[in-house]
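Fold and geometry: a report
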Amino acid sequence: MRSHSRSRSAVLATMLVAASCRPKPETATASPTASTSAPAATTSRKAARPPTLTQAQAPIDLLPERTGVVVSAASVRHLLRVVDVAALIATYRPYYEQAGAYFEQSFGHNLLDPARWPEIGVDPDRPIGAALLDAGSETTCYFISLTDPLRFRDFIDRLGTKLGGSLESVYEDRGIVLAHESGARNQLVLRDDFAFVVNVGNPSLAPYDFARELASVDPARGLTASPRWQQAVGPAEPRDLLAFIDVGGMLRAEVEAARRRDEQGMTSWAEQELQRLREHGGTAEEIARWEQVAAEQRASEQQLREKRRREQELWSGVLGPLGPIVIGLSLGPEAIAGTARARVPETALLRRVVTAGAGPPLAITAASERVLFGAGGKLDVSEGIAGLDALLRAIGKSSDELFAELQRNVGGDPKAALAMLEGTVSFALTTPDVAAMARGGSKSEPGFNLALTFKIQSRRRRW
């Protein structure tokens, strides 16, 4: 089991120092909110700094305004409130002690114990989380709060040395970007009292350099200062866990990324083979055959692009008007309580299909077990079928074909069954023992309640 623990430890350590040795991508364009007076990249820690701005109060204050998804916890200790840590360690004590000993021996600190995080400059009592900065380029970041940035920087330098490669300062502004080289896929940003690990999945589709954005952005122009965030989150009281999910924004980012992919015009394998034959004197028959293959591939790719465009337009019509979804949770050993909300225009398809119910959701009020999650409302069945039909037609099918297939495989008349629904529906995810979920075992297996209401059809009896 020692080799398995070391493997997991190495993965964690690699993520912390952003150890990327991949080829250097093209330089991204400037961020729309980056400092206009940002200095050039430098490797000196004593480079001149631009005028100091108001210090960010939380890591999310520095995220770019276009960020699509954010999950931020008040601290790692808040997250641990819902886990019986003592029972968990007791169950897996041999593995825990072995992993802790490995961290202690390798890095001089047991990173599994949050109480010891201040030894490396990490604060276990302040915000921690993750964000999807850009859906199109698959750019993500993980962030933590620091008690001592200099101590954390020293730890990162020591860690980099142990892993066989030090991180250099490739950009300095109001923060520092550390990486093996400028423009690397994985970079570490130190800014104010926070650290961000930035990973860019597809650098060629990144609209700008996100690591430099984090190192230079004015908090007054970041995500939490934007009208989009403030309208969605509102003046709600702080929660232990906050999730911000901008479905419409991510759809728009996907559409833009698809447009950039199409503009890049990647040469297909058939066209590459055709070019090789022309350059090396292929026979007329070979060239003619590969010209046909290349033409067929171009037609197929055009069809795929058109299908993708229709799907994107459809989902944009369904979910595009949807405002960011905001989930706020209060975490405790006995219960997790919270709310989820989103702004939906009256004209949106989702608003036409789903409306609020007339009373408390039956699946929740009738539950015989503890409810973990519940929802309820009223569905407009006819609008729902029309929306389903539109979704299926985008991929070349229809709701009639789906119902016919269901009738063949299941039996009965699906459309007639749906017509019997009154529309009120509710759902609840339940468990017999909340505490058992932290310990595992059969008692932690969740169940669910589903409540539907049907129309009552009266019949006249003739005497």
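So, here is what we can say about the structure in this document. (Residues numbered from 1 in each chain as written. Predicted model: local features only at pLDDT ≥ 70, side-chain atom pairs only at ≥ 80, totals over all residues. Heavy atoms only, no water.)

**Topic: the packing of helix H13 (residues 381-393) against helix H14 (residues 399-409)**
The geometry of H13 relative to H14 is characterised by a closest axis approach of 8 Å and an angle of 100° between their N-to-C directions. In terms of their interaxial angle, H13 and H14 are classed as roughly perpendicular. Taken together, the residues of H14 that come into contact with H13 (itself represented by Ile 385, Leu 388, Asp 389 and Leu 392) are Ser 399, Leu 402 and Phe 403. Residue composition of the contact of H13 with H14, by class: five nonpolar, one polar and one charged. (Axes fitted to C-alpha atoms, helices over the stretch in contact; angles between N-to-C directions. Helix = DSSP H or I, 4+ residues; strand = E, 2+ residues; numbered from the N terminus. Parallel < 35°, antiparallel > 145°, perpendicular 65-115°, else oblique. Contact = heavy atoms within 4.5 Å. Nonpolar A, V, L, I, M, F, W, Y, C, P; charged D, E, K, R; others polar.)

**Structural notes on the environment of Trp 117**
Turning to its location among the elements, Trp 117 is positioned in the loop between helix H4 (93-107) and strand E2 (128-134). Counting along the chain gives 35 residues from Trp 117 to Phe 152, while the straight-line C-alpha distance between them is 9.8 Å. With residues up to four places along the chain from it excluded, the contact list for Trp 117 reads Val 76, Leu 111, Val 122 and Pro 124. Side-chain polar atoms of Trp 117 contact the backbone oxygen of Leu 111, separated by 2.8 Å. (Polar contact = N/O pair within 3.5 Å; in protein donor to acceptor, adjacent residues only side chain to side chain.)

**Describing the sheet that holds strand E12 (residues 370-379)**
Pairing is antiparallel across the open sheet formed by four strands, whose spatial order is E11-E12-E13-E14. Looking at which strands have only one partner, the edges of the open sheet turn out to be strand E11 (354-355) and strand E14 (447-454). Sheet topology places E11 next to E12; two bridges connect them, and they run antiparallel. The partner of Thr 355 across the bridge, within E12, is Lys 378. (Pairing = 2+ DSSP bridges.)

**Observations regarding the pairing of E12**
Side-chain direction in a regular strand flips from residue to residue, so the side chains alternate between the two faces of the sheet. Where E12 lies against strand E13 (residues 421-431), eight bridges are found, and the strand directions are antiparallel. Its bridge partner being in E13, Gly 374 is matched across the sheet by Ala 428.

**Quick word on the nonpolar core**
If you look at the biggest cluster of nonpolar residues, it comprises 33 residues, and the most contacted ones within it are Leu 63 and Phe 196. If near-sequence neighbours (up to four positions away) are discounted, Phe 196 is found in contact with Pro 59, Leu 62, Leu 63, Cys 141, Tyr 142, Phe 143, Gln 187, Leu 188, Val 189 and Leu 214. In terms of nonpolar packing, the next biggest core, distinct from the first, is built from 20 residues, Ile 120, Ile 144, Leu 167 and Ile 176 among them. (Core = buried A, V, L, I, M, F, W, Y, C linked by side-chain atoms within 4.5 Å. Buried < 20%, exposed > 50% of the residue type's maximum accessible area, 1.4 Å probe, protein only.)

**Some points on unusual backbone geometry**
Among all residues except glycine, the phi angle is most often negative; among peptide bonds, the trans geometry is most common. A positive phi angle is found at Glu 138, which is not glycine, with a value near 55°. Here Glu 138 shows up in the loop between E2 and strand E3 (139-145). In this model, Asp 192 sits at a positive phi of 55°, which is unusual for a non-glycine residue. Tracing the sequence through the fold places Asp 192 in the loop between strand E6 (186-191) and strand E7 (194-200). Given the relative accessible area of 23%, Asp 192 is considered partly exposed.

**Looking at the sheet that holds strand E4 (residues 168-172)**
Taken together, the 10 strands give an open sheet; going across it, the order is E4-E5-E6-E7-E3-E2-E1-E8-E9-E10, and neighbouring strands pair in antiparallel fashion. If you trace the sheet from one side to the other, it starts and ends with E4 and strand E10 (336-341), each paired once. On average, each strand axis in the sheet is inclined to that of its neighbour by 15°, with strand direction left out of account. The pairing of strand E5 (residues 175-179) with E6 spans four bridges and is antiparallel. Along E6, the bridge assignment pairs Val 177 with Val 189.

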